[in-house]
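A closer look at the structure
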Amino acid sequence: MSRDQWAAIQHGDESYAGSPSWAIFLDAVRNLFPFDFVIPTHQGRAAERILFSIISDPSKTIPSNTHFDTTRANIEFTGARAVDLVIAEGKDPKSRHPFKGNIDVVALKKLIHDVGRENIPVVMLTITNNSGGGQPVSLQNIRETRKVCDEFQIPLFIDSCRFAENAWFIKQRESGQQDREVADIVREIASLADGMTMSAKKDPLGNIGGWLACNDKELANKARTMLILTEGFPTYGGLAGRDLEALAVGLSEAVSHDYLKYRIASTTYLGEALAAMGIPVVLPIGGHAVYIDARELLPQVPPLQYPGESVAVALYELGGVRGTEIGTVMFGLQPDGTEIPASNDLVRLAIPRRTYTQSHVDYVIEVCEKLKEVAKDLGGYRITSEPTSLRHFTATFEPLN
Ligand SMILES: *Cc1c(COP(=O)(O)O)cnc(C)c1O
């Protein structure tokens, strides 16, 4: 966090009710996301849990461009079906499409026709598309999705974790958007949605936090009741007053053009270096992370032997670099217990903001050079124990052979 965020922490007011820190936080959130009701939570997944426990059940289907892993798990936990409808270019690591996070609007309409609008309680859009390479969604695509939602009277919710990076890409890449302030683009995105979920550990630049926001009073009332049951009073959720203060400052810093320029330049620097040495990565380089295409790097390891896990282990053994598999371990286990390959096997190198210098990133590049040398000799893995849901967090593995 920044100097100003740490300073704000000293202002935290820890009153149980009526804390001024809550008012400061609420103003900062509503300055960018002017929803009527804001419900603070300790993390993004708590907002997801509350939302889906209210609107979802086994008869429901919930589409998104790509559900984040915790979003999908919270939907499936209610017995509902989570469906990913990202455009075809979004699944092709080599496509240079500028908005590979876009949802396929035609497929969305078809899904609504197939399952019936009454069985779709919400359409989600994840910006940027974290599990799909940190790729942005265009303003035009959000507007088109809004139109479909209007036509069928289905609410649109944004999973907004990387809202500032997504808006920055819109400013850079979408025609007619170059002269706008990022904050202004963010407000337009919010105006196109009926609600949002947020992990404040992402673009709000905090160490903890999240929220659920919406314009529907009845939904907000139900959410507040759930909040009190599991998180805390409606003016702090699971957070301390000091966290609320730090997030209020973080929200204003996240939309600063200087910050975003630095942020996207750092990610691109790492990604372009890996691409130049011939390591297959998702292109163009996304917002918060570089994604190595492990399935392509290790053609000798079939998806059900987890090439992403193999690359993640190798990076850690070679240089202490910790990445995460975004592939068949994360998404391959189906609710009925069967296992199928995910659409890609990627390894995400997410870059903590404001933490590393260029020399740190150069070190990561050197470790990746070694990875490339040993790639042809890497083997697959087998799972030795796993939980029934979100298995990638706690599963244990053993190398094959
Ligand atoms: C991190 C993240 C979440 C979950 O938030 P937590 O704060 O980790 O619980 C949900 N969606 C997206 C897109 C995320 O990046």
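Residues numbered from 1 in each chain as written. Predicted model: local features only at pLDDT ≥ 70, side-chain atom pairs only at ≥ 80, totals over all residues. Heavy atoms only, no water.

Attention now goes to the packing of helix α11 (residues 257-276) against helix α15 (residues 358-374). Two elements in contact, α11 and α15, have axes whose closest approach is 10 Å; the angle formed by their N-to-C orientations is 25°. Comparing their axes, α15 and α11 come out roughly parallel. Helix-helix and strand crossings are classified by hand; for α11 and α15 the assignment is right-handed. From α11, Y269, L270, A273 and L274 reach across to α15, where they touch Q358, V361, D362, V364, I365 and C368. For the contact of α11 with α15, the class distribution of residues is eight nonpolar, one polar and one charged. (Axes fitted to C-alpha atoms, helices over the stretch in contact; angles between N-to-C directions. Helix = DSSP H or I, 4+ residues; strand = E, 2+ residues; numbered from the N terminus. Parallel < 35°, antiparallel > 145°, perpendicular 65-115°, else oblique. Left-handed = near helix turned anticlockwise from the far one by under 90°. Contact = heavy atoms within 4.5 Å. Nonpolar A, V, L, I, M, F, W, Y, C, P; charged D, E, K, R; others polar.)

Each strand in a sheet pairs with another by means of backbone hydrogen bonds, the pair being arranged parallel or else antiparallel. Pairing is antiparallel across the open sheet formed by three strands, whose spatial order is β8-β10-β9. At either end of the open sheet lies a strand with only one pairing partner, and these are β8 (289-293) and β9 (324-326). Within the sheet, the average angular offset between the axes of one strand and its neighbour, ignoring direction, is 35°. As defined by bridge partners, β8 adjoins strand β10 (residues 346-350) across five bridges and the pair is classed as antiparallel. Residue pairing in the sheet places A289 in a bridge with A350 of β10. Against the sheet, helix α13 (residues 307-319) touches β8, β9 and β10, its axis set at about 40° to β10. (Pairing = 2+ DSSP bridges.)

Before going further, it helps to examine the nonpolar core. Counting residues in each nonpolar core, the largest one holds 59 residues, and the members touching the most others are F33, F163 and W211. Three or more residues apiece are contributed to this core by two domains, here domain 1 (3-254) and domain 2 (257-399). Grouped together as the second largest cluster of nonpolar side chains are 28 residues, L270, M277, L349 and I351 included. (Core = buried A, V, L, I, M, F, W, Y, C linked by side-chain atoms within 4.5 Å. Buried < 20%, exposed > 50% of the residue type's maximum accessible area, 1.4 Å probe, protein only. Domains from an automatic or database assignment.)

The side-chain alternation of strand β2 (residues 61-64) yields two buried faces, one formed by T61 and P63 and the other by I62 and S64. By the bridge criterion, four bridges tie β2 to strand β3 (residues 81-84) in an arrangement that is parallel. Bridge pairing links P63 to V83 in β3. In terms of handedness, the path from β2 via helix α4 (residues 69-77) over to β3 forms a crossover that is right-handed. (Right-handed = clockwise from strand over helix to strand, strands pointing away.)

A separate point is the pattern of salt bridges. A complete count under the given rule lists 21 salt bridges for this structure. Here E296 ties to K94 by a salt bridge, and the two come within 2.7 Å at their closest N and O atoms. Here K94 lies in the loop between β3 and α5 (105-115) and E296 lies in helix α12 (residues 294-297), a separation of 202 residues in the sequence. Looking at K94, the relative accessible area reads 53%, which means it is exposed. Taking the shortest distance from any N to any O, the salt bridge between E386 and R391 comes out at 2.8 Å. Take E386: its relative accessible area is 39%, and that puts it in the partly exposed class. Look at R391 and you get buried, because its relative accessible area is 3%. Here the residues in one salt-bridge network are R143, R180, D184 and E188, joined through shared partners. (Salt bridge = Lys/Arg side-chain N within 4 Å of Asp/Glu carboxyl O.)

In this section: the side chain of D159. As for its position among the elements, D159 is in strand β5 (residues 156-159). In this structure, D159 is buried with no salt-bridge partner, the nearest side chain bearing the opposite charge being K202 at 7.0 Å. The contact partners of D159, leaving out residues within four places of it in the chain, are E48, F68, T71, M124, L125, T126, I127 and T197. (Lys, Arg positive; Asp, Glu negative; His and termini not counted.)

Moving on, we come to unusual backbone geometry. The omega angle of the peptide bond from I127 to T128 is -20°, so this bond is cis rather than trans. Within the secondary structure layout, T128 lies in the loop between β4 (123-126) and α6 (139-152). Located in the positive-phi region is Q153, a residue other than glycine, with phi close to 55°. Within the secondary structure, Q153 is located in the loop between α6 and β5. If you check the backbone angles, R354 has positive phi at about 55° while not being a glycine. Its place among the elements puts R354 in the loop between β10 and α15. Note on R354: relative accessible area 32%, which makes it partly exposed.

Think of an α-helix as 3.6 residues a turn; residues three or four steps apart then line up on the same face. The first and last C-alpha atoms of α11 sit 28 Å apart over 20 residues, in line with the 28 Å expected at 1.5 Å per residue. Each element contacted by the buried residues of α11 is listed here: α7 (163-173), α8 (182-191), α10 (241-254), β8, β10 and α15. Positive backbone phi, approximately 90°, marks G278, located one or two places after α11. (Expected span 1.5 Å × (residues − 1).)

Here the focus is the domain arrangement of the chain. Here the chain is partitioned into domain 1 (3-254) and domain 2 (257-399). Spacing between the C-alpha centres of domain 1 and domain 2 amounts to 25 Å. Counting residues at the interface gives 39 residues for domain 1 and 32 residues for domain 2. Both sides of the domain 1 and domain 2 interface together cover about 2800 Å² of buried area, and 56% of this is carbon and sulfur. Considering only the surface of domain 1 that becomes buried against domain 2, D69, P93 and W168 emerge as the three largest contributors, covering 22% of it. Inspection of the domain 1/domain 2 interface yields three salt bridges. Here domain 1 is connected to domain 2 by 20 residue pairs in polar contact (both at pLDDT 80 or more). Breaking the side of domain 1 that touches domain 2 down by element, the ones donating at least two residues are α4, α7 and α10. Among the elements that line the side of domain 1 that touches domain 2, the one with the most residues is α7, at six residues. By residue class, the composition of the side of domain 1 that touches domain 2 is nine nonpolar, 13 polar and 17 charged. (Buried area = accessible area lost by both parts, 1.4 Å probe. Polar contact = N/O pair within 3.5 Å; in protein donor to acceptor, adjacent residues only side chain to side chain.)

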